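What the coordinates show
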Amino acid sequence: MMKTRRPIFKFKPLSKKQRMVLNWWTENSPVKDYDGIIADGAIRSGKTVSMSLSFVFWAMSSFNGENFIMAGKTISSFQRNVLTNLITMLRSRGYHCTHHISGETPNMLEVSRKGVTNYFYIFGGKDEGSQDLVQGITADGAFFDEVALMPESFVNQATGRCSVEGAKWFFNCNPGGPLHWFKINWIDKCRQKKLIYLHFTMDDNLSLSEKVKAKYRSMYAGVFYLRYIKGLWKTAEGLIYTMFTDANMYDQLEERTRHVSAKSIAVDYGTTNPCVFYEIWDDGEVLWVEDEYRWDSRSEEARRSANPQKTDSQYADDMEVFMGTQPEDQCMIIVDPSAASFIQELRSRGWVVKEADNDVLDGIRKTGALIAKRRLRINRKKCKGLIAEMQSYVWDDKAAERGEEKPVKLLDHGPDAIRYKVNSLPNWRIGA
């Protein structure tokens, strides 16, 4: 029987900046005594590949039997964005890699080569509580992928655990706002912290063709184009969905589209604030927002009614009418995760309910990408409230002055509901 050989990973040509990332710590480097490196800039610019590989090469050449920290926003995102390719690249260079997923040492990568073995512990830095995860470990170095998406407390705790002489830090990220804590406290202070700073563009990834670069440039608009394509630390200001035009509206959903699509309903819940439901059809490429339910307890219509402020039970009754009572009308309902009592009421009636992912900035980025590619379309006759809000959805200037990024909490109920639906889509559907 013919034996099949393990496929050999083929390294793509490396750009000058990628080679600098791989070699800065080596014996002949003039900056080998620096304490770390920062690589920021555009998406798909080759930062992650060179940074993760360099981190392991440095660790394996400098230490034996030691512990290291590797972190992403979440463990799953790190495994998806970094670990899978990293293990393939290391094995192609003769390293033995064991990824411990469970057991006594969960989320740990054990790497060995020529009598040297080191241990790389994987952490997720998604919120303030994440700093507790790294307490107690003593590490010889740390690699942070998507560091701008992590809370400062987690990064401070993790870098503080690298107390061994000769420890180094590797930071990798796409830009945020100019007042972001990582920009102010690390990039702007890189010289006094003895850190190398390299800025990447897509041209620094020699494996990308001009056609692929053009595809990525078409995926973003507004502040996300400046950050993810230009690689700039720019403020989010003004109208959020600047790319939303008449081309994102339609007059009537064709029956053939309905027949090949899956229906769902997205909900942003409110009692004193408006409550909205959206009927959304997904044909695998485009989201068609076909119908809208809206109840505002402070509206003129509500004040004329006997019960201006509706209960969970009354909203569920309205959902039944909105969804339809026939078996073919039944579908998944995606709901604001903070609406616990309403979710329970819906489930008690036998409906399938999914608690929404409420990641605001990532959801806005993904929604903007779909809008820019005309893959989010809204019925202009039935969804007038949503269209008005999409055209009025703006960044909070006062929050920006504090270094925060968030939309103004006004006329945001429709955009929030749409974001819940978009966040439920797999990343490949967004193209980012």
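Residues numbered from 1 in each chain as written. Predicted model: local features only at pLDDT ≥ 70, side-chain atom pairs only at ≥ 80, totals over all residues. Heavy atoms only, no water.

1. Regarding the pattern of salt bridges
Put simply, the rule reads: Basic side-chain nitrogens of Lys or Arg form a salt bridge, by our definition, when they fall within 4 Å of a carboxyl oxygen of Asp or Glu. Per the convention used, a helix needs a DSSP run of H or I reaching at least four residues, while a strand needs a run of E reaching at least two, with both numbered from the N terminus. For the exposure calls, accessible area comes from a 1.4 Å probe over protein chains only, and a residue counts as buried if that area is under 20% of its type's maximum, exposed if over 50%, partly exposed in between.
Evaluated as defined, the whole model comprises 29 salt bridges. Between Asp-246 and Arg-380 there is a salt bridge, and its shortest N-O distance comes to 2.8 Å. Placement of the pair is Asp-246 in the loop between helix H7 (223–228) and strand E9 (249–250) and Arg-380 in the loop between strand E15 (376–379) and helix H13 (384–390), with a sequence separation of 134 residues. On the accessibility criterion, Arg-380 (26% relative accessible area) is partly exposed. Across the salt bridge formed by Lys-406 and Glu-404, the nearest N and O atoms sit 3.7 Å from each other. Owing to a relative accessible area of 35%, Glu-404 belongs among the partly exposed residues under this scheme. A single salt-bridge network, built from bridges that share partners, covers Glu-255, Arg-258, Glu-279, Glu-290 and Lys-382.

2. Points about helix H10 (residues 312–323)
This is how it is decided: Take the number of residues in a helix, subtract one, and multiply by 1.5 Å to get its expected span.
The first and last C-alpha atoms of H10 sit 16 Å apart over twelve residues, in line with the 16 Å expected at 1.5 Å per residue. Positive backbone phi, at 105°, marks Gly-324, one or two positions downstream of H10.

3. A short note on empty space enclosed by the protein
Filter applied, for reference: Lining residues are those with an atom within 4 Å of a point, where the points come from a 1 Å grid over the protein atoms alone and group into cavities, where a 1.4 Å probe fits but cannot get out, or pockets, open sets with protein on both sides within 12 Å along at least five of seven lines. Grid points are joined across faces, edges and corners, and a volume is the space filled by probe spheres set on the points.
Within this structure, the stated rule accounts for one cavity of 30 Å³ or more. Of the volumes computed, that of the largest cavity is approximately 40 Å³. Lining the largest cavity, in full, are Ala-221, Gly-222, Val-223, Phe-224, Ile-240, Tyr-241, Met-243, Ile-364, Gly-368 and Trp-395. Only H7 and helix H12 (360–372) provide two or more residues apiece to the lining of the largest cavity.

4. Re the environment of Ser-29
Threshold: Residues are treated as being in contact if the distance between any of their heavy atoms lies within 4.5 Å. Polar contact is the term for a pair of N or O atoms within 3.5 Å; when the atoms are in protein, one must be able to donate a hydrogen and the other to accept it, and sequence-neighboring residues count only if both atoms are side-chain atoms.
Relative to the assigned elements, Ser-29 resides in the loop between helix H1 (16–23) and strand E1 (36–41). For Ser-29, a relative accessible area of 11% puts it in the buried group. Aside from chain neighbours lying at most four places away, what touches Ser-29 is Asn-23 and Trp-24. Within the local environment of Ser-29, its side chain forms a polar contact with the backbone oxygen of Trp-24, the two atoms lying 2.6 Å apart.

5. Here we look at the side chain of Thr-117
Here Thr-117 shows up in strand E5 (residues 116–124). For Thr-117, a relative accessible area of 19% corresponds to the buried category. Of note is the side chain of Thr-117, whose polar atom sits 2.8 Å from the side chain of Ser-112. Excluding anything up to four places from it in sequence, Thr-117 contacts Asn-64, Gly-65, Glu-66, Glu-110, Val-111 and Ser-112.

6. Quick look at the packing of helix H2 (residues 47–62) against helix H3 (residues 75–92)
Note the threshold: Throughout, an axis means a line fitted to C-alpha atoms (over the contacting stretch in the case of helices), and angles, computed between N-to-C directions, take values from 0 to 180 degrees. Between 65 and 115 degrees an angle is taken as roughly perpendicular, under 35 as roughly parallel, over 145 as roughly antiparallel, and anywhere else as oblique. Note: crossing handedness is left-handed where the near helix turns anticlockwise from the far helix by less than a right angle, and right-handed where it turns clockwise. Put simply, Ala, Val, Leu, Ile, Met, Phe, Trp, Tyr, Cys and Pro go in the nonpolar bin, Asp, Glu, Lys and Arg in the charged bin, and everything else, Gly too, in the polar bin.
Across the interface, H2 lies against H3 with an axial gap of 10 Å and an inter-helix angle of 60°. As judged from the angle between their axes, H2 and H3 are oblique. Note that H2 runs across H3; the crossing there is right-handed. Taking contact as the criterion, the partners of Thr-48, Val-49, Ser-52, Leu-53, Val-56 and Phe-57 in H2 are, on H3, Asn-81, Val-82, Leu-86, Met-89 and Leu-90. Its residues assigned to classes, the contact of H2 with H3 comprises eight nonpolar, three polar and no charged.

7. Regarding helix H11 (residues 340–348)
Basically, it comes down to this: The arc in question is traced by the directions running from the helix axis to the C-beta atoms.
The complete set of buried residues in H11 reads Phe-342, Ile-343 and Leu-346. All buried residues of H11 fall inside an arc of 100° around its axis, so they share one side. Among the exposed residues of H11, those pointing more than 90 degrees away from its buried face are Ala-340, Gln-344 and Ser-348. Where H11 is buried, its residues contact strand E10 (262–268), strand E11 (275–282), H10, strand E13 (332–335) and strand E14 (353–355).

8. Describing unusual backbone geometry
Backbone phi values are negative for most residues with the exception of glycine, while trans is the configuration of most peptide bonds. In this model, Glu-146 sits at a positive phi of 60°, which is unusual for a non-glycine residue. Tracing the sequence through the fold places Glu-146 in the loop between strand E6 (141–145) and helix H4 (152–160). Positive phi, normally seen in glycine, also occurs at Lys-194, with a value near 60°. Among the secondary structure elements, Lys-194 is positioned in the loop between helix H5 (181–187) and strand E8 (195–200). On the accessibility criterion, Lys-194 (36% relative accessible area) is partly exposed.

9. Let's talk about the sheet that holds E8
Backbone hydrogen bonds are what pair the strands of a sheet, in a parallel or an antiparallel way. Here is the rule we go by: A strand pair is defined by DSSP finding two or more bridges across the two strands.
The strand order across the open sheet built from eight strands is E3-E4-E5-E2-E6-E7-E1-E8, with neighbouring strands paired in mixed fashion. The two strands at the open ends of the sheet, each matched to only one other strand, are strand E3 (96–100) and E8. Each strand of the sheet is rotated relative to its neighbour by a mean of 15°, with strand direction disregarded. Direction of pairing for E6 relative to strand E7 (residues 168–173): parallel, over a ladder of five bridges. Bridged to Phe-144 within E7 is Phe-171. Its contacts with the sheet put H4 on strand E2 (67–72), E5, E6 and E7, and the angle it makes with E6 is roughly 155°.

10. Examining the sheet that holds E11
As summarised here, the arrangement of the seven strands in space is E9-E15-E12-E11-E10-E13-E14, forming an open sheet in which the pairing is mixed. Of all strands in the sheet, those bounded by a partner on one side alone are E9 and E14. Where E10 and E11 come together, seven bridges link them in antiparallel fashion. Bridge assignment links Ile-265 to a residue of E11, and that residue is Glu-279. Against the sheet, H10 makes contact with E10, E11, strand E12 (287–295) and E13, and its axis sits at roughly 25° relative to E11, the strand it touches most. H11 rests against E10, E11, E13 and E14 of the sheet, and its axis sits at about 160° to E14.

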